[in-house]
Amino acid sequence: MVTIAIRRILALFPVLFVISIVTFLLMHSVPGSPFATEDKPLPPQIKANLDAYYGLDRPLVTQYLSYMGNVLRGDLGPSYLQRNRTVNDIIRQHLPPSAVLGMLALGVALALGVPIGVLSAVKQNTALDYLGMFVAIAGVSVPAMTLGPLLIWGFALELGWLPVARWGTWQQAVLPSITLGLGSAAILARLTRASMLQTIHQDFIRTARSKGLSEQRVITKHALRNALVPVITVIGPLFAALVTGSMVVEQIFAIPGLGRYFVDSVASRDYPVIMGTTLLYAVVLVLSNLVVDLSYNLIDPRMRLEDSA
Amino acid sequence: MSRVRNVVRVLFAALTLLTGLVSAQTLNVTLDQNTAVIDPTANWLYDLTANQFVPLVGYDFVTGSTEPAGAESWSVSADGLTYTFNIRQGWNWSDGTPVTAQDYVNSFRRIADPATAAPMAYRIYVIEGAQAINQGQATDFATLGVTAVDDHTLTIKLVSPSSWFLSSIASIGHAVPQWVIDEHGSAWTDPENVVVNGPYKLVRLDHQDIAVLEANPSYYDADAVQIKTINLYAIAQESTALALFERGELDTVAVPASDLDRVKADPTLSGQFYNGPSNVLYYYDFNALRPPFDNRLVRQAFAAATDKQAIVDFITKGGEIAAPTITPPGSVGHVPASAGVGIPYDPEHAKELLAEAGYPGGQGLAPITLAFNASETHSRIAQAIQQMWQNTLGATVELQAVEGATYSQVAADGAYNAWRMGWGMDYPDANNLHAELFTSDVGARAIVRNAAYDSLIAAAATEQDSAKRLEMYTEAERILVQEEAGVMPIYWSAVNLLIRPELHRVLAPSFNREFWKWTLD
């Protein structure tokens, strides 16, 4: 298993290399300039000075090679829009709040999604099932853009129980974690329910029941364990998406996270930030998928990763 | 006796505590602008720069005139080419170094230097030698027409007499501490390095979270600065900022358009509401390179078919002013409504003009593409105008929402028949709009060219007599928005604010928030 893990981590490098080339080519093939304003095209000489300042007047190949050279030395370059900040600074300062919020949201998603899914499946076609699925569909359908302000209005302005926004105390983390986690909870609930339904109709569950095991033991020990495999599969990408930040939730709750940089950097053609955030996301995604793959081993021994060599 | 003494002591302590609380004047506001480049020589002016560094002259938006700032007084040579500034004496940077004329020279040199790559450098091209240096044709900074005659006398030589020059340097050319820049490079504006000469000093900066300004005791007018600490919170979402205001965590906020009706109806909030003019023009350009807008009658017809009042009354609803002309009120060169310049809303006349142009009832008119940079408000305004043009003129109008980063360039080159634009004034003078947006040498390639307009704008820029200047701008606007109808001004924006009763802030269309002029009860 250790060999597999090491091999997978080594495989990360060619993956990142390909991603870097594709991203680099894509972003440079999109028209527009990091220095354009919406009000007025920049005078040509001013643009030339800015291009020279950031080395954008060099051939693309040179730009790419020099960029990758710096990346290998751990330097992700300057932000074009925030001249005295580097992409390293941006990630160092804004990833931690996003990561904490993402993990809390994942916690909310798991704590709500899995039990709702299990209950709905076990009590299939009862009021409890309908209620659970109503909550799940509402969770998927109501966007954070609506849910966030709604929670602020209810819990901060009307009831006064929690702060409106900003980041730093546990109270400030409650509403954004719920806002961000609820959508994922809904996805997990539906997935758990479907997978659970499939599992509880299988032969080994009938066998377990006929052995005289209590229903609770059948569900928790036999069914749930098998039903969780697809759930764990989606947790990999879900984790990567949640911990790298959500523009909408961070904006609503004024959290100094990384989310906006994914969106803003593309809109404003801030090339080094586009590259940095994309590479970061790729690393987190590949690593979380690796952890998921390794964890299959603990849940279902049949899926043990074999050293194919 | 000792009891009395104790009572006195307790009273005294309470009094100290109370005065301590009262004098700890702290203002909580939003930080609504780019916090990353606080260098006044490398970026446009933002609140954090305007409050830390001092320009040569200031601008008072309440009286509409320039006011002393870094320079106590100044004079202009008879030919209008040389400005002499007397820099304040006995005034130090926050590290104790005296502020001198050389600090201003260094600022203009840094702006002109192509290595600084200052995006707003073109704004000082009016200074002798600045354009050549910025474009790399000259490397000797001694050729720049900004000279320190002695420690407290500065001269600036211009290429041509420019009546707008004084008001323009209220927002560019703030003194910078060159020795700090030499030591720290681009990190010189970080709180741990920065040395300032203005009313406030940045003591904390957590990007996207909070910036804290503290009153600078070495500022020349430090005694007049009443608010000692300012917390600026980065709240990107306007509705969140409003919720924070309602919870008492912010002292003033902008009201998002979607909350205006609620705020105006709320018994408490309506009493804290302020609506006033801002300095932003919202307008459409017509593409004069392609039919049908290469025909001035068609442009006039479309302008006459546009009900601007309906747009501000029913679409934007934020107290905007329907704009017959270009320059917003409050800026030098604003054409008063009484001058009768502009194309008023007149559907019948619009139909006649279109028929005269050869498209009676819109017959033969190819579909018009109307573009805007993608946003909710722009889209709603464009839909309304689409409706007006279709109903009145029988024109088929196709809307095109374009992504921001490519929009201005593509539009200016003539990709669409008509397109949306906006402009916030950099300095309160008509020259800022006309000479940067509409004249033939710098304006969008696709908008109409008119030699008479160009020469009027050039002449108005150098004219010293303010009455004559206004006449020139009036005539220039008559050509641009009425006779040629090359540009269609739509409205001048408004500011909608909530202000806690204890806070007294400057309520004028200023460009940056000048915290040193605000007070708290």
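What you are looking at is a predicted structure, and each value in this text was computed from that prediction instead of being measured.

For any pair of aromatic rings, geometry is given as the distance between the ring centres together with the angle between the planes. Scanning all chains against the criterion turns up 22 aromatic pairs over all chains. With 6.1 Å between their ring centres and 50° between their planes, A:F155 and A:W161 make a pair best called tilted. You can call A:F155 partly exposed: its relative accessible area is 30%. Taking relative accessible area as the criterion, A:W161 reaches 60% and is therefore assigned exposed. Ring centres of B:Y283 and B:F438 lie 5.4 Å apart, and the angle between their planes is 80°; on these two criteria the pair is classed as edge-to-face. Taken together, the residues span a long stretch of sequence, with B:Y283 in strand β12 (residues 273-286) and B:F438 in helix α14 (residues 430-438) at a distance of 155 residues.

Residues and elements named next belong to chain B. Checked against the element boundaries, S270 lands in the loop between α8 (260-265) and β12. Expressed as a C-alpha distance, the spacing of S270 and L498, which sit 228 residues apart in the sequence, is 8.4 Å. Sequence-distant contacts of S270, defined by excluding residues within four places in its chain, comprise V263 and K264. A polar side-chain atom of S270 sits 2.7 Å from the main-chain carbonyl oxygen of D266.

One finds B:L56, B:F85, B:I127, B:L154, B:I156 and B:W419 to be the most contacted residues of the largest nonpolar core, which totals 141 residues. For this core, the element with the most residues is helix α12 (residues 271-299) of chain A, which contributes eight residues. Membership of the second largest hydrophobic core comes to 55 residues, among which are A:A109, A:I152, A:I252 and B:I235.

With that out of the way, let us pick up the sheet that holds strand β1 (residues 26-30) of chain B. Residue and element names in this part refer to chain B. Taken together, four strands build an open sheet; the order of strands is β1-β10-β9-β8 and the sheet is mixed. Two strands in the sheet have a free side with no partner beyond their single neighbour: β1 and β8 (200-206). Ignoring which end each strand starts from, the neighbouring axes of this sheet average 20° apart. Bridging between β8 and strand β9 (residues 210-215) involves six bridges; their strand directions are antiparallel. Residue pairing in the sheet places R204 in a bridge with V212 of β9.

Looking now at the side chain of A:S246. Residues and elements named next belong to chain A. Structurally, S246 is set in the loop between α9 (215-243) and α10 (247-252). The buried category is assigned to S246, whose relative accessible area is 17%. The residues contacting S246, other than those within four sequence positions of it, are L180 and G259.

At the junction of the two partners, chain B supplies 47 residues and chain A supplies 43 residues. For the chain B and chain A pair, buried surface summed over both sides reaches about 3,600 Å², with 54% attributable to carbon and sulfur atoms. Of all residues in chain B, B:H207, B:Q208 and B:R247 bury the most surface against chain A, accounting for 18% of the area lost on that side. Where chain B packs against chain A, one counts one salt bridge. Across the pair B:D209 and A:R166 runs a salt bridge whose closest N-O atoms are separated by 3.0 Å. Across the contact surface, chain B and chain A share nine residue pairs in polar contact (both at pLDDT 80 or more).

Let's shift gears to the confidence of the model for chain B. Residues and elements named next belong to chain B. A residue-level look at chain B finds 94% of positions with pLDDT of 70 or above and a mean pLDDT of 91. For the stretch residues 15-23, pLDDT sits under 50, and the model shows one contact to residues farther than four places along the chain or on other chains. Of the two predicted TM-score estimates for the complex, the pTM is 0.87 and the ipTM is 0.85.

Definitions and cut-offs
Along each chain, the written sequence defines residue order, and numbers are assigned to residues from 1. All chains are assigned letters beginning with A, and all ligands numbers beginning with 1, in the order in which they are written. For this predicted model, a pLDDT threshold of at least 70 governs which residues receive local features, and a threshold of 80 or more governs which side-chain atom pairs are given and counted, while totals over whole chains, interfaces and linings are taken from all residues. Only hydrogens and water are removed before side-chain values are computed, so all heavy atoms of the structure are retained for them. A pair of aromatic rings is counted whenever rings of Phe, Tyr or Trp (Trp by its six-membered ring) have centres within 6.5 Å, and the orientation is called stacked for planes under 30 degrees apart, edge-to-face for over 60 and tilted otherwise. Each residue is placed in one exposure class: buried if its accessible area under a 1.4 Å probe, protein chains only, is under 20% of its type's maximum, exposed if it is over 50%, and partly exposed if it falls in between. Working definition: helices are DSSP H or I runs of at least four residues, strands are E runs of at least two. Numbering for both runs from the N terminus. Any two residues having at least one pair of non-hydrogen atoms within 4.5 Å are treated as being in contact. N or O atoms within 3.5 Å of each other form a polar contact, as long as, within protein, one can give a hydrogen and the other can take it, and as long as residues adjacent in sequence are counted only when both atoms are side-chain atoms. Put simply, buried Ala, Val, Leu, Ile, Met, Phe, Trp, Tyr and Cys residues joined by side-chain atoms within 4.5 Å make one nonpolar core. Strand pairing is defined by DSSP finding a minimum of two bridges between the two strands. Only the stretch in contact is used when a helix axis is fitted, and all axes are lines through C-alpha atoms; the angle between N-to-C directions ranges over 0 to 180 degrees. The term buried area refers to how much accessible surface (probe radius 1.4 Å) is lost by two components on association, counted for both of them together. Salt bridge, as used here, is a side-chain nitrogen of Lys or Arg placed within 4 Å of a carboxyl oxygen of Asp or Glu. Each residue carries a pLDDT value, the predictor's own confidence for that position, ranging from 0 to 100.

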